Amino acid sequence: MTFKAATDLHNEKRALVLEVIDKLRELGVSESVSLPQLVVVGDQSSGKSSLLEGLTGLSFPVASDLCTRFATQIVLRRAPSDESAARITIIPGPSSQTDEELKKKLENFERNLAHDEFGSDDFARVFDEAAEAMGIPGPSTTDIENIEKRFSDDILKIELSGPDHQHLSVVDVPGLFHNPTKYQTDEDKTIIRKLIQRYITDKRTIILAVMDARNNLANQGVFQMARAADPAGKRTVGIITKCDAVEDGDEGGVMRIARNQVEKLTHGWFAVKNRSTKEIDEGMTIEGRHRKEATFFSTEAPWSELPKDRVGIQSLKRFLGGLLYDHIRSEFPSVIKDIEASLAGTESELDLLGPSRQTAIDQRRFLNRVAISYGKEVDDALGGNYDPELSGNSVLKLRMHVCALNEEFSRIITREGHAKVFRTVDGEEDPDYSRVTVDSEADAEDEADDEVDEEYEEDINDWIRRVYRESRGTELPGTVNPRVLENLFRRQSGPWCGIALSYIEKVKSAVEAYNDALLAHLIPDEDVKAKLGSRLLRAQEVSHKQATKHLTEILSDERKGILQTVNHYYADTLNALRTERVRVRLENMGFTDATNRYSNLSAMMKGLHISNEDQAVNDIHDILKAYYKVALKRFADNVVIQIVERYILGRGGPVRALCSDMVNELDEGELLDLAGESFMTSSIRIELVGKCERLRTALGIARQAGV
């Protein structure tokens, strides 16, 4: 967009607009929101300081470009001659905002000069005093080799009022140098480059790029930076200085630049003539400078060929005044939106910190708020009512993970919970079971009773026959000693313990991950989050011990006592197995459903008969299989319901420990340790409160401006 300078440069509206932006900058809004501004950049010795002198009428300290180590905002205001004055203040930068003492010191810095005190010596003194307040070297500093701080992001603000001024505001940044010296190091060069870059990459900054007419444009570093920040040249105004010092014959190249034929900029180029060193030494005044400049551009060829509105400091001032005014008006609606967004973000950060926690009452109130929010999130997570805003973090879908672990536990214990693979009545491996490696933890409970057969590959029927023979006592042949069944069941269910412990450990890990993620969401204070997390971990360890203790009790009930059940499924399964065995024997004899019912009964009975030992082995296998199925389902359900749901997910568990009851039982010492505000948190709160206040004030000013 091309901005056209307004004809009336001193109207009240323009003064109001500039004043509003100045107030916003004074409030420190620029650290959060980009503000429309004019920034003067240039290489050292490019004539930047002399240009500013022509624009402002202010005699800058000698060699200030060498020594200035901070940005300077110069605000010009038209005022009656009897109100001519200069006011110098400091706007604390982002790094000073965090140090309350330094911030107050800088905000309290103010120097006022009368009209007759505008000389370079007076300003050199004020510059030195401002630099001292910022903690950096000033124009009069001679030894800067061993100083701690060399540059500042604070802004020196100079407000000039007088009848000769037009409403204008520009920011001057230190000049870019190329050759390091003992006063200007490579580190300084990097810092200055970053400072310039920070200003010119701002999309609301109009870049006033100063070029020494004697130097090739391609060799001037600031123009390379400006081109990178503004490739289309829409935000850059080119200013050519030292036109009177160009060697004869070299004017053509500079003239092409001035006519916008080389580096094409939307706002074009201006040419100025500043005071030479000789003229300064001879005491030429600012008024004399203006007269000599006007004569130069009207009489000296080829400079006199340039358009009159593109040469001289007065033309430049008129253009910049209108440019800044139009630029601010264009950007102002989006500035207000950015302030609103920044305020909302800052208020959100402040809300996350919660209320101040300086007293025990504050601390208990804070923890109760966290506990209530935590409890609601836990209820929702265990009920499967997941918050859409948090659904992206699957760790917080606790019930989903627990359900998956329950299903995994059921699947694993069904397929791997047995020490031996059961057989069908045909003698084949039962497809409902699979061969697995026995968990080495299975025997940890009681090695004597729960020892799993080392010869794992032994067929279950051979295993039963061997144990049956080794356990013969006073019972009659063909009958089974109940102790044999109990012993076999203990061995067959040996892997249960290890599988159940692994399952409980996985649920514990899921809960721990859930607590970490939920506390991170609810509590921004890292210190409080860590301490509450530690307390929940202690609750988790307690619940884990209770869970493993109860698991031992359940295992003991299942595997160390007598075998018993009232579940009809046991009898149904056993009857089905016995019936199936009879059917298979009959089929092996040739009897089928189609066989004549009047077959030889004696032959049939002879075929059904097996030895007492075989009968005992079959009975033991089928009883063991029928009972194992019932006991396994009962055990798996008890582990899920009585252990996981009761001790890990239930009241008093690690996901229920953080509650109002726990908070209300804390004494003041525990409250202070858990929720006391750290120095860092307190500092962050103070900073955010101050930022909110500044942004609210800024928003009120901006909305009332009616720009």
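(A) Local environment of the overall build of the protein. Scanning the protein from terminus to terminus reveals 25 helices and 9 strands. Relative to its full complement of 707 residues, the protein shows a buried share of 50%. A separation of at least 24 residues holds for 77% of the contacts in the protein among residues at least 6 apart in sequence. Summed over all atoms, the accessible surface of the protein reaches about 33800 Å², with 49% contributed by carbon and sulfur.

(B) Here's a closer look at the packing of helix α19 (residues 526-559) against helix α22 (residues 612-648). Taken N-terminus to C-terminus, the directions of α19 and α22 make an angle of 160°; their axes are 10 Å apart at the nearest point. Considering their axes alone, α19 and α22 lie roughly antiparallel with respect to each other. Crossing angle aside, the handedness with which α19 passes α22 is right-handed. On the side of α19, the interface is formed by Ser543, Gln546, Ala547, His550, Leu551, Ile554, Leu555 and Glu558, while α22 contributes Ala631, Arg634, Phe635, Asn638, Val639, Gln642, Ile643, Arg646 and Tyr647. Along the lines of polarity and charge, the residues of the contact of α19 with α22 split into 9 nonpolar, 5 polar and 3 charged.

(C) Up close: the pairing of strand β3 (residues 85-91). In terms of burial, β3 is largely enclosed, as 5 of its 7 residues are buried. Bridging between β3 and strand β4 (residues 110-114) involves 5 bridges; their strand directions are antiparallel. Counted as the bridge partner of arginine 87 is asparagine 112 from β4. In this sheet, strand β5 (residues 155-162) lies alongside β3 in antiparallel orientation, the contact comprising 7 bridges. Opposite arginine 87, over in β5, you have glutamate 159 as the bridge partner.

(D) Looking closely at the environment of glutamate 340. Structurally, glutamate 340 can be placed in helix α12 (residues 313-353). Sequence separation between glutamate 340 and leucine 699 is 359 residues, and the spatial gap between their C-alpha atoms is 7.1 Å. If near-sequence neighbours (up to four positions away) are discounted, glutamate 340 is found in contact with Leu699 and Arg703.

(E) View of the environment of glutamate 665. Among the structural elements, glutamate 665 can be located in the loop between α23 (660-664) and α24 (668-675). Distance from glutamate 665 to arginine 364, taken between C-alpha atoms, is 10.0 Å for residues 301 residues apart in sequence. Excluding residues that lie within four positions of it along the chain, glutamate 665 makes contacts with Arg364 and Glu670.

(F) Here's a closer look at the pattern of salt bridges. Taken as a whole and judged by the stated rule, the model has 40 salt bridges. When the shortest N-O distance is used, the salt bridge between arginine 466 and glutamate 458 registers 3.0 Å. Residue class for glutamate 458 comes out buried when judged on its relative accessible area of 16%.

(G) Fine view of the sheet that holds β4. The strand order across the open sheet built from 9 strands is β4-β3-β5-β2-β6-β1-β7-β8-β9, with neighbouring strands paired in mixed fashion. Looking at the sheet topology across the chains shown, the edges are occupied by β4 and β9 (269-271). For this sheet, the mean inter-axis angle between neighbouring strands, taken without regard to orientation, is 20°. Where strand β1 (residues 37-42) lies against strand β7 (residues 205-212), 6 bridges are found, and the strand directions are parallel. Its bridge partner being in β7, valine 40 is matched across the sheet by leucine 208.

(H) Layout of the packing of aromatic side chains. Counted by the stated rule, this structure contains 13 aromatic pairs. Both rings, one in phenylalanine 296 and one in phenylalanine 297, keep their centres 5.0 Å apart while their planes meet at 80°; by these two values the pair is edge-to-face. In terms of burial, phenylalanine 296 and phenylalanine 297 fall into one category: buried. Taken together through their ring pairs, the aromatic side chains of Phe422, Phe489, Trp496, Tyr570, Tyr627, Tyr628 and Phe635 make up a single cluster. Its end group placed over the ring of phenylalanine 319, arginine 310 keeps NZ or CZ at 5.1 Å from the ring centre. One Lys or Arg, arginine 357, reaches over the ring of phenylalanine 366 and ends 4.4 Å from the middle of that ring.

Procedures and definitions
- Residues numbered from 1 in each chain as written.
- Predicted model: local features only at pLDDT ≥ 70, side-chain atom pairs only at ≥ 80, totals over all residues.
- Heavy atoms only, no water.
- Helix = DSSP H or I, 4+ residues; strand = E, 2+ residues; numbered from the N terminus.
- Buried < 20%, exposed > 50% of the residue type's maximum accessible area, 1.4 Å probe, protein only.
- Contact = heavy atoms within 4.5 Å.
- Areas by Shrake-Rupley, 256 points an atom, 1.4 Å probe, with all protein chains shown as cover.
- Axes fitted to C-alpha atoms, helices over the stretch in contact; angles between N-to-C directions.
- Parallel < 35°, antiparallel > 145°, perpendicular 65-115°, else oblique.
- Left-handed = near helix turned anticlockwise from the far one by under 90°.
- Nonpolar A, V, L, I, M, F, W, Y, C, P; charged D, E, K, R; others polar.
- Pairing = 2+ DSSP bridges.
- Salt bridge = Lys/Arg side-chain N within 4 Å of Asp/Glu carboxyl O.
- Phe/Tyr/Trp six-rings, centres within 6.5 Å; stacked < 30°, edge-to-face > 60°.
- Lys NZ or Arg CZ within 6 Å of the ring centre and 35° of its normal.

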